[in-house]
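# Coordinates in review
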Amino acid sequence: MSAEVPEAASAEEQKEMEDKVTSPEKAEEAKLKARYPHLGQKPGGSDFLRKRLQKGQKYFDSGDYNMAKAKMKNKQLPAAAPDKTEVTGDHIPTPQDLPQRKPSLVTSKLAG
Amino acid sequence: VAEADIISTVEFNYSGDLLATGDKGGRVVIFQREQENKSRPHSRGEYNVYSTFQSHEPEFDYLKSLEIEEKINKIRWLPQQNAAHFLLSTNDKTIKLWKISERDKRAEGYNLKDEDGRLRDPFRITALRVPILKPMDLMVEASPRRIFANAHTYHINSISVNSDHETYLSADDLRINLWHLEITDRSFNIVDMKPANMEELAEVITAAEFHPHQCNVLVYSSSKGTVRLCDMRSSALCDRHSKFFEEPEDPSSRSFFSEIISSISDVKFSHSGRYMMTRDYLSVKVWDLNMESRPVETHQVHEYLRSKLCSLYENDCIFDKFECCWNGSDSAIMTGSYNNFFRMFDRNARRDVTLEASRENSKPRASLKPRKVCTGGKRKKDEISVDSLDFNKKILHTAWHPLENIIAVAATNNLYIFQDKVN
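An unreviewed UniProt entry lists chain B under the name Serine/threonine-protein phosphatase 2A 55 kDa regulatory subunit B, with Prolemur simus as the source organism. Checking UniProt for chain B, the heading Sequence similarities (unreviewed entry) contains the comment "Belongs to the phosphatase 2A regulatory subunit B family."

As annotated in an unreviewed UniProt entry, chain A carries the name cAMP-regulated phosphoprotein 19 and comes from Propithecus coquereli. Its UniProt record gives chain A the following Subcellular location (unreviewed entry) comment, quoted word for word: "Cytoplasm".

Here the focus is the overall build of chain A. Assigned secondary structure in chain A consists of four helices and zero strands. When its helices and strands are written in sequence order, chain A yields α-α-α-α. Across the 112 residues of chain A, 22% fall into the buried class. Pairs at least 24 residues apart make up 47% of the contacts formed inside chain A by residues separated by at least 6 positions.

Residue and element names in this part refer to chain B. A two-sided burial pattern is seen for strand E11 (residues 158-161), the buried positions comprising Ser158 and Ser160 on one face and Ile159 and Val161 on the other. In terms of strand pairing, E11 meets strand E12 (residues 167-171) through four bridges, oriented antiparallel. Looking at E12, one finds that Val161 is bridged to Tyr168. Here E11 hands over to E12 after five residues, with His165 in that stretch at a positive phi of 60°.

Let us now look at the sheet that holds strand E18 (residues 243-245) of chain B. Residue and element names in this part refer to chain B. Reading across from one edge, E15-E16-E17-E18 is the order of the four strands in this open sheet, with antiparallel pairing throughout. The open sheet is flanked by strand E15 (205-210) and E18, the only strands paired with a single partner. Here the strands of the sheet are splayed against their neighbours by 20° on average, with no regard to which way each runs.

Right, let's talk about the environment of Leu32 of chain A for a bit. Positionally, Leu32 of chain A belongs in helix H2 (residues 24-35). For Leu32 of chain A and Thr107 of chain A, which are 75 residues apart along the polypeptide, the C-alpha to C-alpha distance reads 43 Å.

Residues and elements named next belong to chain A. The end-to-end C-alpha distance of H2 is 17 Å, a good match for the 16 Å that twelve residues give at a rise of 1.5 Å each. The complete set of buried residues in H2 reads Glu25, Lys26, Glu28, Glu29 and Leu32. Seen from one end, H2 has its buried residues packed into an arc of 155°, which puts them on one side.

Moving on, we come to the interface of chain A and chain B. Often, the extent of an interface is quoted as the loss of accessible area upon association of its parts. Facing 40 residues of chain A, the contacting portion of chain B comprises 57 residues. Both faces considered, chain A and chain B share a buried interface measuring about 4000 Å² in area, 55% of it formed by carbon and sulfur atoms. Our count for the contact surface shared by chain A and chain B stands at two salt bridges. Between Arg35 of chain A and Glu314 of chain B there is a salt bridge, with its nearest N and O atoms 2.5 Å apart. Counting across the chain A and chain B interface gives eight residue pairs in polar contact (both at pLDDT 80 or more). Broken down by secondary-structure element, the contributors of at least two residues to the side of chain A that touches chain B are helix H1 (4-22), H2 and helix H3 (44-53) of chain A. For the side of chain A that touches chain B, the element with the highest residue contribution is H2 of chain A, accounting for eight residues. Taken together, the residues that form the side of chain A that touches chain B break down as 16 nonpolar, nine polar and 15 charged.

What counts, and at which threshold
Residues numbered from 1 in each chain as written. Chains lettered and ligands numbered in written order. Predicted model: local features only at pLDDT ≥ 70, side-chain atom pairs only at ≥ 80, totals over all residues. Heavy atoms only, no water. UniProt positions renumbered as here; feature names shortened; annotations may be inferred. Helix = DSSP H or I, 4+ residues; strand = E, 2+ residues; numbered from the N terminus. Buried < 20%, exposed > 50% of the residue type's maximum accessible area, 1.4 Å probe, protein only. Contact = heavy atoms within 4.5 Å. Pairing = 2+ DSSP bridges. Axes fitted to C-alpha atoms, helices over the stretch in contact; angles between N-to-C directions. Expected span 1.5 Å × (residues − 1). Arc of directions from axis to C-beta. Buried area = accessible area lost by both parts, 1.4 Å probe. Salt bridge = Lys/Arg side-chain N within 4 Å of Asp/Glu carboxyl O. Polar contact = N/O pair within 3.5 Å; in protein donor to acceptor, adjacent residues only side chain to side chain. Nonpolar A, V, L, I, M, F, W, Y, C, P; charged D, E, K, R; others polar.

See below:
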């Protein structure tokens, strides 16, 4: 009985090795797993999909903003950090901080 | 390259005389084909700018802390019914119906105002005159006629005009809505894939289209590589599909990448309505609507990328969404690739070709040279090796003239128009 188990294991190992040789995809997967060992341990599909659905999320809390404004009264709100992506944490974002992209007033170059 | 200039959609109208492009900056540029002109024989068939307008502006949803990009995801033309042209353009959240009309006459000789528009003093008017129409330089005006807003929680990926010319669908990641072109305050949800518990989310809608002739039929593709065909006659909510198209997978070849590369980025019915084509990361498949079990044709677009999936995952290229298109007679299909390459497959002759859209490697009016990617060790002259491919130069959007062999290829911020050589 116990003699069979190592045989089965080595047959599987052999198949895995064969796969890596014959399937470029599996070889790539091995490479990826080597670089990111924690990848795919959670139900990966849903994580990736949920991130996709949340594209465009920017953290602006109008409640925080108004509370901070009220507290500060006459004082200026802390200015935005030079790195505009820092809009969480202690810094209270103002509507101006958020990278509001200006509309394209410039005509498309294709039309030029 | 300015990000706003990146072309995000390309679409010919029903006659092929007009070609619309949308970009990341929310602008639409429409090109018109030059009429045949005896004095300038070379200009026949050239496309020149006809109209340009700002379709969408960036918005910020303060309630959800969501930035809404102005990028035009899709443009679809309506069939022409009068002198004006109509098209639908959409960003992530809002669809707009635009009317593009020409004005080549203007009225002169008004009674109540001067030629420069200033109002005349009515008490000084002693005689009445009838205004006359005088020709003027052609002016093309675009005006928004309908705004279809607030119907999508998730990001709109497709719009499709129905063959009844009265309704159209809009699809986001989880839902498909049906609209009437005249009614903006109401939309019917016909497909809802949102799970009760978002933690269980496993599949999203990637593209949707109405059948070209049967106004009750639509298809939508998913991130799991499947296509569902729905018949709106069977029930009001089309959550239960009428047909389910999926190619069986060999379980032993499954890898971490399998689902990602099987995700369908585009689905298009053939003009005949008998077939449909799906584009996944590495291939294009043609399906017979009568057979759900497997495609009738599979064409490899860039199979050599299979051994590069690890780096393509790391640089996010594996998530690129390529579109595909049919030619007017459904005898050929076309799709884009990297390095500004695009591929055309002749279904009848079973031949395919790789061409390049770039200014450096082709001169205007010269024939395009076929390109070849070398996968093995020895690279022949003129071949390019897989590792030299520029993955930032991706051709995601292409369009084929509905009647002639004219194609439009968008390469990042440049638009290329190629035609069959005419002697």
